[in-house]
Structures are given as C-alpha cells and as structure tokens.
Amino acid sequence: MIARINNQFEIDLSKPIDISIPLSNTDSNPIAWYIEKPEFEPVVFGDWIGKVSEGSSTNFNTIFFNPHGHGTHTECLGHITREFYSINQCLKQFFFTAELISVAPEKILEDFIITKFQIENALNGKTPEAIIIRTLPNLESKKNRNYSKTNPPYLAEDASIFIREKGIQHLLIDLPSVDREEDEGKLLAHKAFWNVKNVEVLNSDARLNCTITEMIYVEETVSDGSYILNLQIASFENDASPSKPILFKI
C-alpha cells in the first residue's frame, strides 16, 4: 500500500522497518540502570492461575518493568523536571521526516563520545524533524546487552545543542542514554536538547513537544538516509513509555 505524505513523499506501508527492541522476561532482554530483567507473571486467585497451560481459559499476566531500563522507550522533558509532564500529553503527532545516520563515537580520555562535528558532518545540511543515530560498531549484542556499570558511549552537550538549534524535534539513539551513565546528575545532553534551563521552574522556551527515544536497534541492512518515522508509544501518563518506532523508506 503506497501512501503520500504532505503531497511530497511516498512511502510503502507494506514495508515497515521496526527499530524497536521487544520486551521479554528472558535473559536476552537488554537492561540498564542496575535493575533486574522484566517480570511476566500470571495472576493467581486462590487455586486459579491465569495461564492456559495450567488449566485456565486465558493467559492473564501481570508485567513488571521499567521503561527507561528495559528496552526501547520514548521520553519527554518530564524525565528531568520537578513538575510532572507526561509523554502521552507531549507527543501528539506521530509521523515525521527523519534522517538515519551512523557514527563511531570518538574516544576522549576514558569515554566514547558522539561529537557535534560527527552529527553536523553526517547530516550534511539536512534539517529533518527527527534524527536517528546508529552507533558503530553496530553489534547485534545491543539487543540483549546489560549496560549497567559499562560506561556506554553518549552524546556531547554541544552535539545536543546543535541538534536542537537545527530544529530537530525528535532524537532517537541506540544507547541507554544520551548522557553519561554516571555524570553526577548533570544530564547535560538531555537538558540541552529540551532547552531546560531550570528543572525546578520550567522556562517558557523549553521544548515540551520534543522527545528522546533510547535503546533502539537499527539492522545493518538498513541504509543511512531519509525516511518517514512513525513514532508509536503506549498511552502512559508517565514521563516515558515503551515505544515502537517504525521507519518507512521514502
């Protein structure tokens, strides 16, 4: 099925490219921030167990997980502000022009960092509504890695500022965070992208409608270039939601 977007782009809806990582209760589920794997447990009422294999008519699981630490998730600026903001209220549109870029983080002292120069060079003057950053090497182990206490690569503050100043509204990355794992709570890249100057009292020019999506995975077979992004979330009244970003080749 071919769809036309804004009378400008054509996409084939029958060929979606899923860049999310599924949530599971197995050891293959990716983990960050020092937590354990998700839990999927059938509800139990006395002798009744919500599991067909145990004699019930239905499977009826309770799922315990953390959006930030257990896989692909999309967050709004409520992730870092004193006042509550919900991803469900901040994200009201779901289709965007997007540019997929691949970068190899540079080693600077003990860290691997995605720099402003790398982002600027990869975009090459383009101004999409969303940017998707695939880090190199693009190992499949990203889909089941335990990132806790590994100091993963992250985005430099000036790179985040550059992305904001380009007018890019949605930032997607295949890392557990755009910021350093242990940064004393500075969250420089988060704050720069959302233009949050004071987490206690939100400034009027903070970017309420902009999002960060972390822990995606883009297969090697997907080429860098221009796409239409369908950014799907669950309707959580929370700072973040598990999400399913889908790309369509233009």
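Worth saying up front: this structure is predicted, and the values here are computed from it rather than measured. (Residues numbered from 1 in each chain as written. Predicted model: local features only at pLDDT ≥ 70, side-chain atom pairs only at ≥ 80, totals over all residues. Heavy atoms only, no water.)

This part takes up the overall build of the protein. Across its full length, the protein carries 4 helices and 17 strands. For the protein, the C-alpha radius of gyration of 19 Å lies close to 18 Å, the compact-globule estimate for 250 residues. Each principal axis of the C-alpha atoms in the protein carries an extent, and together these give about 65 × 50 × 40 Å. Residue burial in the protein is summarised as follows: out of 250 residues, 47% are buried. Counting contacts in the protein only where the partners sit at least 6 residues apart, residues at least 24 apart contribute 71% of the total. Here the protein has roughly 12800 Å² of accessible surface; of this, 51% comes from carbon and sulfur atoms. Between the centroid of the 23 positive side chains of the protein and the centroid of its 35 negative side chains there is a distance of 4 Å. (Helix = DSSP H or I, 4+ residues; strand = E, 2+ residues; numbered from the N terminus. Rg over C-alpha atoms; globule rule 2.2 N^0.38 Å. Buried < 20%, exposed > 50% of the residue type's maximum accessible area, 1.4 Å probe, protein only. Contact = heavy atoms within 4.5 Å. Areas by Shrake-Rupley, 256 points an atom, 1.4 Å probe, with all protein chains shown as cover. Lys, Arg positive; Asp, Glu negative; His and termini not counted. Charge placed at Lys NZ, Arg CZ, Asp CG, Glu CD.)

A separate point is a nonpolar patch on the surface. On the surface, a nonpolar cluster with roughly 330 Å² of combined accessible area is contributed by F45, W48 and F60. Along the chain, the position of F45 falls in strand β5 (residues 44–45). On the accessibility criterion, F45 (57% relative accessible area) is exposed. (Patch = residues over 30% accessible without salt bridge, like charges linked within 9 Å, V, L, I, M, F, W, Y side chains within 5 Å. Salt bridge = Lys/Arg side-chain N within 4 Å of Asp/Glu carboxyl O.)

Interhelical geometry of helix α2 (residues 116–123) versus helix α3 (residues 157–165) gives an angle of 35° and a closest axis separation of 7 Å. Note on element contacts: α3 touches α2 through D158, A159, F162 and I163, opposite K116, I119, E120 and L123. (Axes fitted to C-alpha atoms, helices over the stretch in contact; angles between N-to-C directions.)

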